[in-house]
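# Structure at a glance
Each chain, written out:
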Amino acid sequence: RTDLPGYRVYEHGELVAEVTDVRDVWREDLVAFLVGCSFTFEAALLEAGAPVRHIEVGSNVPMYATTRECRSAGSIGGPLVVSMRPMPADQVATAVRVTSRYPAVHGAPVHVGDPAALGIRDLGSPDFGDPVLVREGEVPVFWACGVTPQAAVMQSRPPFAIGHAPGMMAITDARDSDYLVP
C-alpha cells in the first residue's frame, strides 16, 4: 500500500486519484499482485551496446495502447499496451537476443517496425510515459508493457481498482540477473 512510488486509483474505469499511499482506500477483499517490467532488461541492453533512449534523455519510457485486444479474463479485458525503445537498425537483433532471455519480465519484442501495424498513429503522442525521438536510421521496437492491466481496467470498468502509476514500479532486492534464462 506504500511500497510503490505512485499508484492510480480507478472507479468504474475512470482515474480518480494518483497517490503515493493507498492505505486509506485499501479494502480487505482486494488482492495485490506484481507484474514483471521491461525496465528489468534495460541494464542488459545497455551492457550489450544497445541504446535505451528514455534513460539517455532522463524521461519515462513511451507507452502506447494498441488495437490488439488481450484475451479476456472473465469480465476484464482490454488492449495490449506496449513500451517502445528506438534501436539503430543494426542493433535490433541484439535487442531481440538480449531481451528474449528475460521471459518473466516481458521478454522479446512483440513487434518491430511499423507502429501502424499495432494501431499506433503517432509515436510523438504516447498514451502513457513520455515521447522520445526516433532518429534517422532507427527502428521502433515494441515490448509488452505492465500498464496493460490498467488499460483493461479502463476498458472493462470494474467498480474499483488500484494500479501502479506508469513508470512507478516496485523495487525489490531481486537482481535483474535472477530473471535471466540461459
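These figures come from a predicted structure and were not determined experimentally. (Residues numbered from 1 in each chain as written. Predicted model: local features only at pLDDT ≥ 70, side-chain atom pairs only at ≥ 80, totals over all residues. Heavy atoms only, no water.)

Bringing the overall build of the chain into the picture now. Each helix and strand in the chain was counted, giving four helices and seven strands. Its helices and strands taken in sequence order, the chain reads β-β-α-α-β-β-α-β-β-α-β from the N to the C terminus. Relative to a compact globule of 182 residues, whose C-alpha radius of gyration would be 16 Å, the chain shows 17 Å and is just as compact. On the principal axes, the C-alpha backbone points of the chain span a range of 50 × 35 × 30 Å. Looking at the chain as a whole, 44% of its 182 residues qualify as buried. Partitioning the contacts of the chain with sequence separation of at least 6, the portion at a separation of at least 24 is 73%. Of the roughly 9,800 Å² of accessible surface on the chain, a fraction of 52% belongs to carbon and sulfur atoms. Counting 14 positive and 22 negative side-chain charges, the chain places the centres of these two groups 4 Å from one another. (Helix = DSSP H or I, 4+ residues; strand = E, 2+ residues; numbered from the N terminus. Rg over C-alpha atoms; globule rule 2.2 N^0.38 Å. Buried < 20%, exposed > 50% of the residue type's maximum accessible area, 1.4 Å probe, protein only. Contact = heavy atoms within 4.5 Å. Areas by Shrake-Rupley, 256 points an atom, 1.4 Å probe, with all protein chains shown as cover. Lys, Arg positive; Asp, Glu negative; His and termini not counted. Charge placed at Lys NZ, Arg CZ, Asp CG, Glu CD.)

Attention now moves to the environment of Asp114. The topology assignment puts Asp114 in the loop between strand S5 (111-112) and strand S6 (138-144). Between the C-alpha atom of Asp114 and that of Pro140, which follows or precedes it by 26 residues, the distance is 7.4 Å.

With that settled, consider the nonpolar core. Counting 14 residues, the largest nonpolar core has Leu45, Met87 and Trp143 as the members making the most contacts within it. Of all the secondary-structure elements, those providing two or more residues to this core are helix H1 (42-47), helix H3 (92-99) and S6. Excluding its chain neighbours within four sequence positions, the residues that come into contact with Leu45 are Ala50, Val52, Arg85, Met87, Ala95, Val98 and Thr99. In this structure, Val82, Ile120, Val132 and Ala144 belong to the second largest nonpolar core, which totals 10 residues. (Core = buried A, V, L, I, M, F, W, Y, C linked by side-chain atoms within 4.5 Å.)

Turning to the side chain of Asn60, a few remarks are in order. The topology assignment puts Asn60 in the loop between helix H2 (53-57) and strand S3 (63-69). When its relative accessible area of 18% is taken as the criterion, Asn60 is described as buried. Separated by 3.2 Å, the side chain of Asn60 and the backbone oxygen of Pro166 make a polar contact. Setting aside residues no more than four positions away along its own chain, Asn60 makes contact with Phe39, His54, Gly129, Asp130, Pro166 and Gly167. (Polar contact = N/O pair within 3.5 Å; in protein donor to acceptor, adjacent residues only side chain to side chain.)

Turning our eyes to something else, we now look at helix H4 (residues 148-156). Turning to H4, its buried residues number three or more, namely Thr148, Gln150, Ala151, Ala152 and Val153. Backbone geometry just after H4 places Arg157 at a positive phi near 60°.

Although it is not a glycine, His12 sits at a positive phi angle of roughly 50°. Counting through the fold element by element, His12 comes out in the loop between strand S1 (7-11) and strand S2 (14-19).

So, on to the state of the cysteines. All chains considered together, the criterion is met by zero disulfides. With no disulfide of its own, Cys37 has Cys145 as its nearest cysteine by sulfur position, at a separation of 7.0 Å. Looking at Cys37, the relative accessible area reads 13%, which means it is buried. Unpaired in this structure, Cys70 has its nearest cysteine sulfur neighbour in Cys145, at a distance of 11 Å. (Disulfide = S-S within 2.5 Å.)

With antiparallel pairing, three strands are arranged side by side in an open sheet as S2-S1-S7. At either end of the open sheet lies a strand with only one pairing partner, and these are S2 and strand S7 (160-164). Strand-to-strand, the axes of this sheet are offset by a mean angle of 25°, without reference to chain direction. Where S1 lies against S7, five bridges are found, and the strand directions are antiparallel. (Pairing = 2+ DSSP bridges. Axes fitted to C-alpha atoms, helices over the stretch in contact; angles between N-to-C directions.)

This part is about the packing of aromatic side chains. Applying the stated criterion across every chain, the model contains one aromatic pair. Considering the side-chain rings of Phe41 and Trp143, the 5.4 Å spacing of their centres and the 45° angle between planes classify their relative orientation as tilted. Taken together, the residues span a long stretch of sequence, with Phe41 in the loop between S2 and H1 and Trp143 in strand S6 at a distance of 102 residues. Trp143 carries the same exposure label as Phe41, and that label is buried. (Phe/Tyr/Trp six-rings, centres within 6.5 Å; stacked < 30°, edge-to-face > 60°.)

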